[in-house]
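# Residue-level structure breakdown
Letter by letter, the chains look like this.
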Amino acid sequence: MGAPAAPLAGRSIVITRPARQAVSLAAKVRCAGGQAILFPVIEIADVEDLQPFYALVDRLEEFDIAIFISPNAVSRTMDLLSPRRTLPPPLAIAAIGDATVKTLRGRGVAPVIAPAHGFDSEALLAQPALQQVAGKRIVIFRGQGGRELLGDALAARGARVEYAECYRRTVPAIDPAPIYDAWQQHRLDGFVVTSSEGVKNLFQIVGTTARSRLVATPLFVPHSRIAETARSCGVAVVVTTGPGDDGILAGVCAHFSAEK
């Protein structure tokens, strides 16, 4: 008997992450026998005024805990911080998501407070180190306009919370023609979308003319909150996968294996 077929053989999966973050998952899709179509629906851009960010990081010694929301928050913070200063050694570091932890470690930052299971604000808030925070000062590194749940919950526990916003997310000027062509040629089997904002941007970029095709194409998302957004946009098949590249890949493979 021959070797078993690759789980994604003959499948084309659109990865909508920002370009720099899509490489790892795209490689995993290809290793599983699929075609990865890179179609970023979020672009990471500089904030218009970095002075508030610099003013905050110049007084990092005042803080007890620094929380990084995403790999982008790590990368952008470290790029801006490195020419100016280092993280104070007493500062405890926390992160949401395995990818954020890996990015911190890649920058030489360890140890990191992070949940072993559940990669969201709620899971981080359940960590013992963030239970008794009354009187502590906490800085949250994030993009502009992020969720307020984490900061509000920590403030309710008595912490003094400040935000260091070091990037912004925009809708890229990207031509949807390759997606239209893939649909026309029946070689587009699913989208991977990793944020609620990404779902909304995808619908905006694809436009009303192809909306019927988009809602009929499976959407793979790593969190129930994103799934709710996708369903509210009318997507018929929404698959909630595990977190991280491995969890997403496993969910995509399982879905198409079940179809055989």
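Residues numbered from 1 in each chain as written. Predicted model: local features only at pLDDT ≥ 70, side-chain atom pairs only at ≥ 80, totals over all residues. Heavy atoms only, no water.

Under the defined criterion, the tally for this structure stands at 5 aromatic pairs. On the numbers, 5.7 Å between centres and 55 degrees between planes, the contact of Phe220 with Phe256 is tilted. Here Phe256 lies in helix H11 (residues 244–259) and Phe220 lies in strand E9 (residues 219–221), a separation of 36 residues in the sequence. In textbook terms, an aromatic cluster arises when at least three aromatic residues are bridged by ring pairs, as seen for Phe53, Tyr54, Phe68 and Phe141. Here the basic side chain of Arg137 rests over the ring of Phe63, its NZ or CZ set 5.3 Å away from the ring centre. Lying across the ring of Tyr163, Arg142 places its NZ or CZ 3.7 Å from the centre. (Phe/Tyr/Trp six-rings, centres within 6.5 Å; stacked < 30°, edge-to-face > 60°. Helix = DSSP H or I, 4+ residues; strand = E, 2+ residues; numbered from the N terminus. Lys NZ or Arg CZ within 6 Å of the ring centre and 35° of its normal.)

What follows concerns the state of the cysteines. For the structure shown, the criterion picks out 0 disulfides. This cysteine, Cys31, is not joined by any disulfide, and Cys253 carries the nearest cysteine sulfur, 11 Å off. By relative accessible area, which is 72% here, Cys31 ends up exposed. (Disulfide = S-S within 2.5 Å. Buried < 20%, exposed > 50% of the residue type's maximum accessible area, 1.4 Å probe, protein only.)

In contact at an axis separation of 8 Å, helix H3 (residues 71–81) and helix H4 (residues 98–106) are set at 20 degrees when each is read in the N-to-C sense. Looking at the two axes, H3 sits roughly parallel to H4. Residue-level inspection shows Pro71, Val74, Ser75 and Met78 of H3 in contact with H4, the latter providing Ala99, Thr100, Thr103 and Leu104. Among the residues making up the contact of H3 with H4, the classes are represented as 5 nonpolar, 3 polar and no charged. (Axes fitted to C-alpha atoms, helices over the stretch in contact; angles between N-to-C directions. Parallel < 35°, antiparallel > 145°, perpendicular 65-115°, else oblique. Contact = heavy atoms within 4.5 Å. Nonpolar A, V, L, I, M, F, W, Y, C, P; charged D, E, K, R; others polar.)

Here we come to the side chain of Arg17. Of note, Arg17 is situated in the loop between strand E1 (12–15) and helix H1 (19–31). A polar contact is formed between the side chain of Arg17 and the side chain of Asp245, at a distance of 2.6 Å. When near neighbours in sequence (up to four residues on either side) are disregarded, Arg17 contacts Ala22, Leu25, Pro40, Thr194, Asp245 and Ile248. (Polar contact = N/O pair within 3.5 Å; in protein donor to acceptor, adjacent residues only side chain to side chain.)

Next up on the list: the pattern of salt bridges. This structure, assessed with the given rule, holds 15 salt bridges. Ionic pairing is found between Asp245 and Arg17, a salt bridge with its closest N-O pair at 2.6 Å. Within this pair, whereas Asp245 is found in helix H11, its partner Arg17 is found in the loop between E1 and H1, the two being separated by 228 residues in sequence. Neither Asp245 nor Arg17 differs from the other in exposure class; each is buried. Here Glu148 makes a salt bridge to Arg142, at a shortest N to O gap of 3.4 Å. For Glu148, a relative accessible area of 35% translates into the label partly exposed. Salt bridges here are not isolated pairs; linked through shared partners, they connect Arg59, Glu62, Arg137 and Glu162. (Salt bridge = Lys/Arg side-chain N within 4 Å of Asp/Glu carboxyl O.)

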